[in-house]
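# Chains, contacts and geometry: an overview
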Amino acid sequence: MSHKILILPGDGIGPEIVAEAVKVLEHLRDRRGLQVELEHALVGGAAVDATGTPLPEETLALARAADAVLLGAVGGPRWEGLERERRPERGLLGLRSALGLFANLRPALLYPQLAQASTLKAEVVAGLDLMIVRELTGGIYFGRPRGIRTLENGEREGFNTLVYRESEIERIGRVAFETARRRHHRLCSVDKANVLECSELWREVMTRLGEAYPDVELSHMYVDNATMQLVRAPKQFDVMVTTNMFGDILSDCAAMLTGSIGMLPSASLNAEGRGMYEPIHGSAPDIAGRGIANPLATILSVAMLLRHSLGRPDLAGAVEQAVARVLDRGLRTPDIATAGTRQVGTAEMGDAVVAALDEFEHTDTGGRT
Ligand code: IPM
Ligand code: MG
């Protein structure tokens, strides 16, 4: 059976990095017999320019029909002045919501070759391997009511709603416990239960759920402390589970531990295991079109796609090994360059990964993502 993959390059560096990931998919199709059909569509600012809306009906229909979606990035200064409903970010949030992609997996894995590229001391980050499980379709991102209203005295007031149902907490909790089971059996739930009722319920539900997973060691941490611990001693964590907004913030922080945000992939899964895969970095308009963006986060997102939506851990492992091999050889895009390495551009990096793929048997490496 052939798998349908929808490719959504998006904005900024999105098209450049996605092109390299597509090379990898096409190579696996042409040389390893992976049965995939690739379709392309517009999202974000590119879709606003072409159709007036960041998530055209056609794109949404293709996404619903696909087995998996590979997305680059959305947004840029060009569209910042638009009203909220037409901003590129709405395209991304609309996809997450419409496809029910509530479980966002964001691994922060330090390639040993990049220990020197981190702004943290090498001994603090060497061997780092943690997974953030972020709730992605609820919380303050989607809660209602929301808006900006004018009070009687003429002053304006902005408001959003932080809301989680027990069932929403439970389903993301299950994904997190299951993830911990496949790793080192430790789960840290991050909340703000000392201040927020919503977090109080979150903690209660996680604790109750923990009884069904006696083999997983559950701990709780307030988000302010968790942020500090992430830069103080990040290796204490195995899996972290948290809300939509806390996960947004913590995952950028965790990404930087690994040397560059340009290295980290992500998977956003729904209840059926179908998913959308994207690098966790943004559209980087400042370097768009210059051919210097790091395509590895997007290529590693293809590995997650192969593992989680296509049931091909063997090919996922091959892609991850190919990336490691290219790093071993000293190839670096500018964001991860250190003394003694060879700087390459986006396309050269993608080509090197494809070439390295040819050197491997496909073995399931039990990849950590
Ligand atoms: C992310 C991004 C998005 C988010 C933006 C682009 C809407 O920061 O995926 O982390 O806030 O979720
Ligand atoms: Mg973010």
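Each chain carries its own residue numbering, running from 1 in the direction its sequence is written. Chains carry letters from A onward and ligands carry numbers from 1 onward, assigned in written order. With the structure being a predicted model, the display of local features is reserved for residues of pLDDT at least 70 and the display and counting of side-chain atom pairs for 80 or more, all residues being used for whole-chain, interface and lining totals. As a convention, hydrogens and water are excluded, and side-chain values are obtained from all of the structure's heavy atoms.

Bringing the packing of aromatic side chains into the picture now. Working definition: a ring pair exists when centres of Phe, Tyr or Trp rings (six-membered ring for Trp) sit within 6.5 Å. Plane angles under 30 degrees give stacked, over 60 give edge-to-face, the rest tilted. Taken as a whole and judged by the stated rule, the model has two aromatic pairs. When the centroid spacing of 4.6 Å and the interplanar angle of 10° are considered together, the rings of F177 and Y213 count as stacked. One end of the pair, F177, is in helix α6 (residues 166–181); the other, Y213, is in the loop between α7 (197–210) and β9 (217–222), with 36 residues separating them in the sequence. Each residue is assigned to one of three classes by its accessible area relative to the maximum for its type, calculated with a 1.4 Å probe on protein chains only: buried under 20%, partly exposed between the two thresholds, exposed over 50%. Judged by relative accessible area, F177 falls into the buried class, the value being 0%. Y213 sits in the buried class, given a relative accessible area of 5%. Across the ring face of Y141, the terminal group of R134 is positioned such that the distance to the ring centre comes to 5.3 Å. Should the NZ of a Lys or the CZ of an Arg lie within 6 Å of a ring centre and within 35 degrees of the ring normal, that charge is described as sitting over the ring. Directly above the ring of F102 sits R171, whose terminal nitrogen or CZ lies 4.2 Å from the centroid. Helix and strand definitions here come from DSSP, where helices need a minimum of 4 consecutive H or I residues and strands a minimum of 2 consecutive E residues; each element is numbered from the N-terminal end.

The term salt bridge refers to a side-chain nitrogen of Lys or Arg lying within 4 Å of a carboxyl oxygen of Asp or Glu. Following the criterion strictly, the structure yields 23 salt bridges and no others. The salt bridge involving R31 is made with D358; its shortest N-O contact spans 3.6 Å. Residue R31 is located in helix α1 (residues 14–32), and its partner D358 is located in the segment after α12 (346–357); the two are separated by 327 residues in the primary sequence. With a relative accessible area of 40%, D358 lands in the partly exposed category.

Right, let's talk about α7 for a bit. Expected span, for any helix, means 1.5 Å times one less than how many residues it has. In this model α7 runs 20 Å from its N-terminal to its C-terminal C-alpha over 14 residues, within 8% of the 20 Å that 1.5 Å per residue would give. If you check which residues of α7 are buried, you get C198, S199, W202, V205, M206, L209 and G210. Projected onto a plane normal to the axis of α7, the buried residues spread over an arc of 140° and lie on a single side. Buried residues along α7 sit against β5 (129–135), α6, β8 (186–191), β9, β10 (239–242) and α9 (244–257). The directions from the helix axis to the C-beta atoms are what the arc is built from. Residue contacts follow a heavy-atom distance rule, with two residues in contact if any of their heavy atoms lie within 4.5 Å.

We now examine the site of ligand 1. Around ligand 1, the structure places E89, L92, R96, R106, R134, Y141 and D248. Here a polar contact is recorded for every N or O atom pair within 3.5 Å, except that within protein the pair must consist of a potential hydrogen donor and a potential acceptor, and residues adjacent in sequence are included only if both atoms are side-chain atoms. Between an oxygen atom of ligand 1 and a side-chain N or O atom of R106, the distance comes to 2.8 Å. Take R134: an N or O atom from its side chain is 2.9 Å from an oxygen atom of ligand 1. Each accessible area is a Shrake-Rupley estimate made with a 1.4 Å probe; only the visible protein chains count as cover when residues are assessed. A total of 320 Å² of accessible area belongs to ligand 1 in isolation, and the protein chains cover 76% of it. A per-element tally of the shell around ligand 1 places helix α4 (residues 88–98) first, with three residues. Throughout, the ten residues Ala, Val, Leu, Ile, Met, Phe, Trp, Tyr, Cys and Pro are labelled nonpolar, Asp, Glu, Lys and Arg are labelled charged, and all others, Gly among them, are labelled polar. Residues that form the shell around ligand 1 fall into these classes: two nonpolar, no polar and five charged. Only heavy atoms are used to decide nearness, and a residue is near a molecule or strand if one of them lies within 4 Å of it.

The next subject is the layout of surface pockets. As defined here, a cavity is a set of points on a 1 Å grid over the protein atoms alone where a 1.4 Å probe fits but cannot get out. A pocket is an open set with protein on both sides within 12 Å along at least five of seven lines, and residues line them when an atom is within 4 Å of a point. Grid points are joined across faces, edges and corners, and a volume is the space filled by probe spheres set on the points. Taken as a whole, the largest pocket holds about 1,000 Å³ of empty space. Forming the boundary of the largest pocket are 39 residues, of which E89, R90, L93, R96 and Y141 lie nearest the centre. Considering every element that reaches the lining of the largest pocket, the biggest residue donor is α4, with eight residues. Counted by class, the lining of the largest pocket contains 14 nonpolar, eleven polar and 14 charged residues.

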